[in-house]
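Single-letter residue listing:
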Amino acid sequence: MSLDQNRLRLDQPSNDDPVVPRRGRGTELILLVFAVGISTFAYINVDLGALGEVPPDALAYMGTFAAVAGLAHIVIRIRAPYADPVILPIVVTLCGLGLAMLHRLDIADEAARANVQLTWMLLGAALFIVVLFFVRDHRILARYPYLAGLTGLVLLVLPLMPVIGHDIRGAQIWIRIGGMSFQPNEAAKIVLIIAFAGFLVQSRDALALAGRRFIGVDLPRARDLGPILIVWLTALGILTVQNDMGPSVLLFGSFVLLIYIATERISWIILGLLMMLGGAWAAYQLVSQVRPRFDLWLNPFDDPTNQIAQALFGLAYGGTIGTGLGQGYPDMIPIAESDFIGAALGEELGLAGLTAIILLYALLVSRGLRSALVLRDPFGKLLAAGLASSLMLQVFVVLGGVTKLIPMSGLTTPFLALGGSSLIMNWVLVALLIRLSDAARRPAPTEAPSYSDDAVTQVVRLR
Amino acid sequence: MNSPIRRVSAGCLLLVLALLVNITYIQAFWADELNARGDNRRVTIAEYARERGPILLADDTPVAVSREVDGDFKFRREYPEGALYAPLTGHYSYLYHRSAIERAQNDILSGEDDRLFVRRLIDLVTGEEPKGGAVKLTINPAAQQAAWDTLGNNKGAVVALDVRTGAILAMVTKPSYDPNPLASHSIREQREAWIEIHGDPENDIPADPDKPADNRAIAETLPPGSVFKLVTAAAALESGEYEPDSVVFGGAEYPLPLTNRTLPNQSGQACGSNDETTITNALRMSCNTAFADIGAELGDDALRDQAERFGFNSRPLTKDDMNAATSRFPDDPDAPQTVLSAIGQFDVTATPLQIAMVSAAIANGGVLMDPYVVQELRAPDLVSTIQQTEPEELSRAISPDTARRLTEMMVDVVENGTGANAQIPNIQVAGKTGTAQSAPERPPYAWFTSFAPADDPRVAVAVVIEDAPDTARSDIGGGRLAAPIAKAVMEAVLSS
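Residues numbered from 1 in each chain as written. Chains lettered and ligands numbered in written order. Predicted model: local features only at pLDDT ≥ 70, side-chain atom pairs only at ≥ 80, totals over all residues.

Peer 1: I keep staring at the overall build of chain A and nothing clicks. Help me out?
Peer 2: Scanning chain A from terminus to terminus reveals 16 helices and 5 strands. For chain A, buried positions account for 51% of its 463 residues. In chain A, 72% of the contacts between residues at least 6 apart in sequence involve partners at least 24 apart. (Helix = DSSP H or I, 4+ residues; strand = E, 2+ residues; numbered from the N terminus. Buried ≥ 20, exposed ≤ 12 C-beta atoms within 10 Å, placed from the backbone. Contact = placed C-beta atoms within 7 Å.)

This is the structure we're talking about:
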């Protein structure tokens, strides 16, 4: 951390002593070698543990991973040379661990989901490259916040449309077009965060105005409550109609955090938490899927075959160092391949492995938040902070759910869980984080004749 | 905007910490409890994937082994002798858990025991497949087989003890069950075998009325009847008020105090002339009225005290965790109840093990050794010893003097009295018969307990027969039915 701070100080423009800042591409390359290595070894380890032999396609597997990582790395070198060097290696490692666990579950269930997921990963990496090529400056995303907001809402309600809408395990969050299933809320999440950030940059001054004081907290003015109320109602609406808690929590939570960052007023957080509790209570009363999940959280052993009990048994069986890949019984956890992949990894990699995975997420999030701190434009700051904190929220909600810290709500575990829509949209999210970190670390143009004038023009151009 | 971003970062850090603390709690601290839960199938499956250690007899004959088979579960538990050793081995089942030694010594057999920790660690490093340790029992196969064969079709149980150590040499119960189908990897086969024994209340299938899974030798208490007269006689001699040739009441009937009922002798006749007899005579003839009189004179406290020094009112085999039943002498009998208790009726109940303990204490100069069935625990290499059971004194039940006199009286029972069927050529046997009434509608329980050789005792035996389908009710008696079985078991032990 101190090294980076030094580097940030070096990044500051200095007219008399131009310093070439470190780009970190070499670091990224070395870390990627490790990431590809870990992924390949995990894959080999699964077969050694479960079948006692080295998989025949281990080299091809490593080649695929190396190709994906290498291509992404080259594109970063061209399009985002100052990007944070840690982000891509973390993502590749997480994908590798997720694929290894899916392959492991495939062996147990005699399925072939890992291949499908690998294809999705290639598609995700392709989209990553597309985003880096076409979004050359993140500020173009701020141009149409209302359009983005509308797009996000349409994506959210798509699964409720007749014909294409489709429900799996009681949650109506899928659309199916031509045999392909897709969860549009994964895309909606990113589009809506972009929309929120854009909207808040425009209206944060009004939202920051104090209204009435209540128990020492300055409440916002009633008329400014409009946006948060709309999002809150939308979130509750999705929850009620689609019967799924996760996306609502994520949507609402991200928005509250963004509005807090934009206005710097803690009252929004307090208000948000109160509304979250109110929403949870209402959902407990009204939504069919919420109450059993809550009861299951409190009494997981009433039915020892249920997910939470099996996840806990799995985690306990793995213990401190885990059973080793391929040597536990993660297939006993219902839907271990998606929502509960965290528990499956915790069983076979143990407390040590699960801690490492959580720390990888933490590092990824911290890199996003660091970009938010360093970025100079408000939209970029908001977007980086929003994407990073939404990722954190998502990880907390899903991993906290499978480990009985909080009630389980349906959300995918980013990069690990089976599911193409989630995987490719998370690659898009990472592409944006790369773009933002590149902007954050890129030295400001030093040869600009009048720095302050330029800054003003930039703000004008934002609109 | 930077200060709220920093606060959000701190919030994210808190979320990460919450996740880490929670998984640390689950995987490092809660894990043992979760793994020990009965509804946790993972642990069972893992257990089946590991070679479970064998259960061995005193001569290292295995009576429970794990054999590698094809299928989801790598090893199947097999019991080569089936029903013969079922009360000892118990069963090992996926659906119906475990019983007896399979349950009590599960940690050693499965290899999970803390004492095997270092070995597991070595296995982990060397990549060796972890295995379970072995449990060696005290059982003498010849004695076990002899008891099983001579019990025949009768319903009953036999226990034989090494009088000098307390080691259990034979533990037979009939009818028994075959634990093999319960260990089957076919759920259907397990279920059918279980239902055959225990019934299925959901489908109105009744349990087997003979309760073949009950261990009659140690876990079922019955009225001991006349074999309890040994305890009463011991109490009399220990009191100092009586000698073996002391003259006691010996009439045909004893009037129960506080009632207008009388207690008759089995024969209906007096035990001596002038309604008088000696204790030696009374024991030889199993005279009810004489021991009723002695019991009335001694009182319930003296009887209870003597019974407890023989092991009544405390649970045996707790070290081996074998779920043995506690034999009882009643807490607060009134005068007529005390009289009935003195001849082993009323609420006096005993297991065959308890009756064998009475004989063993008399045989061992009055010193009662704590019975045990696990001789040794061995490491997974099946050679190195983890733990060896050292014989322990349970109590000084009677003085050596009383022991010697009782032995003489019991020899007299076998040589001249009701226990003649237990005689062994060239070896002096000491014994006592018993025929206990329980309910008017069912036949009496036939008991016999003995030890041999009387001059240098090694083995004590107790036999009970609850039901003898091939014998007429009037012929059921300890001397006739049970004594030959005791004889066979003693012979088997002495010749091995």
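Peer 1: How should the environment of Pro484(B) be read in this particular structure?
Peer 2: For Pro484(B), the position within the fold is in helix α17 (residues 478-494). Excluding residues within four positions of it along the chain, Pro484(B) makes contact with Thr150(B) and Asn421(B).

Peer 1: Would you explain helix α15 (residues 352-363) of chain B in this entry?
Peer 2: Turn by turn, an α-helix covers 3.6 residues, leaving residues three or four places apart pointing in a common direction. All names here are of chain B. Compared with an ideal rise of 1.5 Å per residue, which puts 12 residues at 16 Å, α15 spans 16 Å between its outermost C-alpha atoms and is within 8% of the ideal. Here α15 lies mainly inside the structure; 12 of its 12 residues are buried. Just past α15, the residue Gly365 takes up positive phi, approximately 65 degrees. (Expected span 1.5 Å × (residues − 1).)

Peer 1: Can you help me understand the sheet that holds strand β15 (residues 430-436) of chain B in this one?
Peer 2: Within a sheet, each strand pairs with its neighbour through backbone hydrogen bonds, oriented either parallel or antiparallel. Residue and element names in this part refer to chain B. Taken in spatial order, the 5 strands of this open sheet run β6-β5-β17-β16-β15, and their pairing is antiparallel. Lying at the two open borders of the sheet, with one neighbouring strand each, are β6 (168-174) and β15. Here the average twist between neighbouring strands, direction ignored, is 5 degrees. Across the sheet, helix α16 (residues 400-416) touches β15 and β16 (445-452), and the angle it forms with β15 is around 70 degrees. (Pairing = 2+ DSSP bridges. Axes fitted to C-alpha atoms, helices over the stretch in contact; angles between N-to-C directions.)

Peer 1: How do you make sense of the sheet that holds strand β2 (residues 62-68) of chain B when you look at a structure like this?
Peer 2: All names here are of chain B. Judged by pairing direction, the sheet is mixed, and its 6 strands sit side by side in the order β3-β2-β1-β4-β12-β13 without closing on themselves. On the outer flanks of this sheet lie β3 (75-78) and β13 (385-388), each paired with one strand and no other. As paired elements, strand β1 (residues 55-56) and strand β4 (residues 134-137) share 2 bridges and run parallel to each other. What sits directly across from Ile55, in β4, is Val135.

Peer 1: What am I meant to see in the interface of chain A and chain B here?
Peer 2: One frequent convention defines the size of an interface as the accessible area lost when the parts assemble. In this complex, chain A contributes 39 residues to the contact, which on the side of chain B involves 28 residues. Elements represented by at least two residues in the side of chain A that touches chain B include exactly α9 (245-263), α12 (307-318), α13 (341-374) and α14 (378-402) of chain A. The element best represented in the side of chain A that touches chain B is α13(A), accounting for 12 residues. Classifying every residue of the side of chain A that touches chain B gives 26 nonpolar, 11 polar and 2 charged. (Nonpolar A, V, L, I, M, F, W, Y, C, P; charged D, E, K, R; others polar.)

Peer 1: Explanation requested: the packing of α9(A) against α14(A) in the structure shown.
Peer 2: Two quantities define a packed helix pair, namely the angle between the helix axes and the distance between the axes. All names here are of chain A. At a minimum axis separation of 9 Å, α9 and α14 run at an interaxial angle of 145 degrees. In this structure, α9 meets α14 at a crossing whose hand is right-handed. Contacts from Gly246, Val249, Leu250, Gly253, Ser254, Leu257, Leu258, Ile261 and Ala262 of α9 reach α14 at Leu382, Ala385, Gly386, Ser389, Ser390, Leu393, Gln394 and Val397. Of the residues contributing to the contact of α9 with α14, the split by class is 10 nonpolar, 7 polar and no charged. (Left-handed = near helix turned anticlockwise from the far one by under 90°.)

Peer 1: Looking at this structure, how should I read helix α14 (residues 335-342) of chain B?
Peer 2: Residue and element names in this part refer to chain B. If you check which residues of α14 are buried, you get Thr338, Val339, Leu340, Ser341 and Ala342. If you follow the buried residues of α14, they end up packed against α10 (229-239), β8 (253-255), β9 (262-264), α12 (288-298) and α13 (300-309). At the exit of α14 stands Gly344, carrying a positive phi of roughly 75 degrees.

Peer 1: Teacher, can you tell me more about the confidence of the model for chain B here?
Peer 2: If pLDDT is low for a region, its predicted coordinates should not be looked at in detail. Residues at a pLDDT of 70 or more form 99% of chain B, whose mean pLDDT is 88. Here the predicted complex carries an ipTM of 0.88, next to a pTM of 0.67. (pLDDT = per-residue confidence, 0-100.)

Peer 1: What is the right way to read the confidence of the model for chain A from this model?
Peer 2: All names here are of chain A. For chain A, per-residue confidence averages 83 on the pLDDT scale, and residues scoring 70 or more make up 81% of the total. Between the elements of chain A, mean pLDDT differs from a low of 47, seen in helix α16 (residues 451-462), to a high of 95, seen in α13. Counting contacts from residues 1-11, a segment whose pLDDT is below 50, to residues more than four positions away or on other chains yields 8 contacts. Contacts of residues 448-463 to residues separated by more than four positions or lying in other chains number 4 contacts, the stretch itself having pLDDT below 50.

Peer 1: What am I meant to see in the packing of helix α4 (residues 87-109) of chain A against α13(A) here?
Peer 2: Residues and elements named next belong to chain A. Their axes nearest at 10 Å, the elements α4 and α13 cross at an angle of 160 degrees. Our classification of the angle between α4 and α13 gives roughly antiparallel. Crossing angle aside, the handedness with which α4 passes α13 is left-handed. Between α4, through Ile87, Ile90, Thr93, Leu94, Leu97, Gly98, Met101 and Leu105, and α13, the contact on the second element is made entirely by Ile341, Ala344, Leu345, Ile357, Leu360, Leu363, Leu364 and Arg367. Here the residues of the contact of α4 with α13 are counted per class, giving 13 nonpolar, 2 polar and 1 charged. (Parallel < 35°, antiparallel > 145°, perpendicular 65-115°, else oblique.)

Peer 1: Even after reading the chapter, I still don't get unusual backbone geometry, so can you show me in this structure?
Peer 2: Only a minority of non-glycine residues have a phi that is not negative, and only a minority of peptide bonds are not trans. Residue and element names in this part refer to chain B. Cis geometry is adopted by the peptide bond preceding Pro175, which originates at Lys174 and carries an omega value of -5 degrees. Checked against the element boundaries, Pro175 lands in the loop between β6 and α8 (187-198). Even without a glycine there, the phi angle at Lys211 is positive, about 45 degrees. The topology assignment puts Lys211 in the loop between α8 and α9 (216-219). At Leu382, a residue that is not glycine, the phi angle is positive and equals roughly 70 degrees. Residue position: Leu382 is located in the loop between β12 (374-378) and β13.

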